[in-house]
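Structural overview for review
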Amino acid sequence: MAGISIERVTKSYGSLQVLKDFTLDIADGEFVVFVGPSGCGKSTMLKILAGLEEASSGTVRIGGRDVTDLAPGDRDIAMVFQNYALYPHLTVAKNMGFGLKMRGAPAAEIEGKVREAARILGVEHLLERKPRALSGGQRQRVALGRAIVREPQAFLMDEPLSNLDAKLRVHTRAEISALHQRLKTTTIYVTHDQTEAMTMADRIVIMRDGTIQQIADPDTMFRKPANLFVAGFIGSPGMNFFRAELTGLGTARLFGREIALPLAKEPDARELLVGLRPEYLSAGAAGPVTFEATPRLVESLGSEKYLYLDLPEENRATLGDAGSDDRRADQFIARLMDSEPVAEGRPMPLSFDPARLHLFDPKSHLALN
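Conventions adopted
Residues numbered from 1 in each chain as written. Predicted model: local features only at pLDDT ≥ 70, side-chain atom pairs only at ≥ 80, totals over all residues. Heavy atoms only, no water. Helix = DSSP H or I, 4+ residues; strand = E, 2+ residues; numbered from the N terminus. Buried < 20%, exposed > 50% of the residue type's maximum accessible area, 1.4 Å probe, protein only. Contact = heavy atoms within 4.5 Å. Lys, Arg positive; Asp, Glu negative; His and termini not counted. Charge placed at Lys NZ, Arg CZ, Asp CG, Glu CD. Pairing = 2+ DSSP bridges. Axes fitted to C-alpha atoms, helices over the stretch in contact; angles between N-to-C directions. Core = buried A, V, L, I, M, F, W, Y, C linked by side-chain atoms within 4.5 Å. 1 Å grid on protein atoms, 1.4 Å probe; cavity = no way out; pocket = protein on both sides within 12 Å on 5 of 7 lines; lining within 4 Å. Points joined across faces, edges and corners; volume = space filled by probe spheres on them.

1. Focus on the overall build of the chain
The secondary structure content of the chain amounts to eight helices and 21 strands. Projected onto its principal axes, the C-alpha coordinates of the chain cover approximately 75 × 45 × 35 Å. The burial tally for the chain puts 50% of its 369 residues in the buried class. Of the contacts formed within the chain by residues at least 6 apart in sequence, a portion of 69% connects residues at least 24 apart. Taken together, the 45 basic and 48 acidic charged side chains of the chain have centroids lying 5 Å from each other.

Next up, the structure:
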């Protein structure tokens, strides 16, 4: 096992710069997830770590050794791909032991390590089958097993669950987390799914347009987003955003009433962008601030309901190119327990605690609290 250090790495294709001054230190045994929208540069960074892409500038160290210019086979890492990359003509056992065979390991050592990895992953009964006889989840376990038997310094995983169906994805996600707890191998995991990032990571690296937006543990990322993009990217459904105008020292008018804001410092502008997560809205007048809203659409998910509400004109926010949410500027979502009596087109009271609000500068989009 080993720590990984990435220092000021850039990557350009002609005039297109896809990575910009990427710097990150990953501790020995840490599970770090790169997450962001398509095209943000996360898979490119993983390929540079693996040696499959060459950095335009910068340095990569694994276990303190400079591997920036080394070939993939000399970096002592194992990569798990989205498409499994199994040899169709080889059995599961031979697929899992292929890397060791290429290194010239003794047959007895290969057999022992393959059987141990198969036992850990629960695929012992599949060792003599070929990939075409396996389900998607079984193929992914075999791909993980092939990485495990090599006992590398680090695992690199590039969206390994994206080809699985929703139920199997949840199950395999838990398996990978349990595997990491057992092996304690340094792991970098790339995904576009923020749920995977939140449930699996020791730390999350959120990327956008080739730059790091925030690095934090999942709880900090959720509760203290650094900017508007991170706030909107993390959470399902995404955070609601609206506009508020300051009316005094730390007070603003929202939903027709004046409320106190959790400001850490007084901003320069008189207008703020305000965020509130759908789950922090409650039906009725239970919270400190109550307002009336009319659901125009109600989605029932069994245990909970999503209410789609229209914001008053005075509170509608223009997010510009913040890129954190594609919803309509006048749309507001409440996430309630399914037991709450609600109906489309019927006005109802909703409430929230102002301490739950997230505040952002309308120009820089940086968090103010």
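Past the structure itself, the notes keep going.
2. Remarks on the sheet that holds strand β17 (residues 295–300)
Strand order in the open sheet formed by three strands is β17-β18-β19, and the pairing between neighbours is antiparallel. The open sheet has two edge strands, β17 and β19 (331–337), and neither has a second partner. Pairwise comparison of adjacent strand axes, ignoring direction, gives a mean angle of 20° for this sheet. Both strand β18 (residues 304–310) and β19 contribute to a ladder of seven bridges, which runs antiparallel. Paired with L307 across the strands is A334, a residue of β19.

3. Things to note about the nonpolar core
Ranked by internal contacts, the top residues of the largest apolar core, which has 77 residues, are I206, F242, L261, F332, F352 and L357. With six residues, helix α4 (residues 136–149) is the single largest residue contributor to this core. Core analysis: the second largest hydrophobic core is formed by 28 residues, L46, A50, I62 and A154 among them.

4. Looking at the sheet that holds strand β7 (residues 154–158)
Strand pairs in the sheet, formed through backbone hydrogen bonds, run parallel or antiparallel to each other. Reading across the sheet, the six strands line up as β6-β7-β8-β3-β9-β10 and stay open at both edges, with mixed pairing between neighbours. In this open sheet, the two strands that pair with only one neighbour each are β6 (77–80) and β10 (211–216). Between one strand axis and the next, the sheet turns by 15° as a mean value, whatever way the strands run. Of the pairings in the sheet, the one linking strand β9 (residues 203–208) to β10 comprises five bridges and is antiparallel in character. Considered in β10, the bridge of R208 is made with T211.

5. Some remarks on empty space enclosed by the protein
Scanning the model with the defined rule gives one cavity of 30 Å³ or more in all. Size it by volume and the largest cavity reaches roughly 50 Å³. Every residue along the wall of the largest cavity is listed here: F31, F155, M157, I176, L179, H180, L183, T185 and T187. Those elements giving two or more residues to the lining of the largest cavity turn out to be β7 and α5 (166–183). It is α5 that contributes the most residues to the lining of the largest cavity, four residues altogether.

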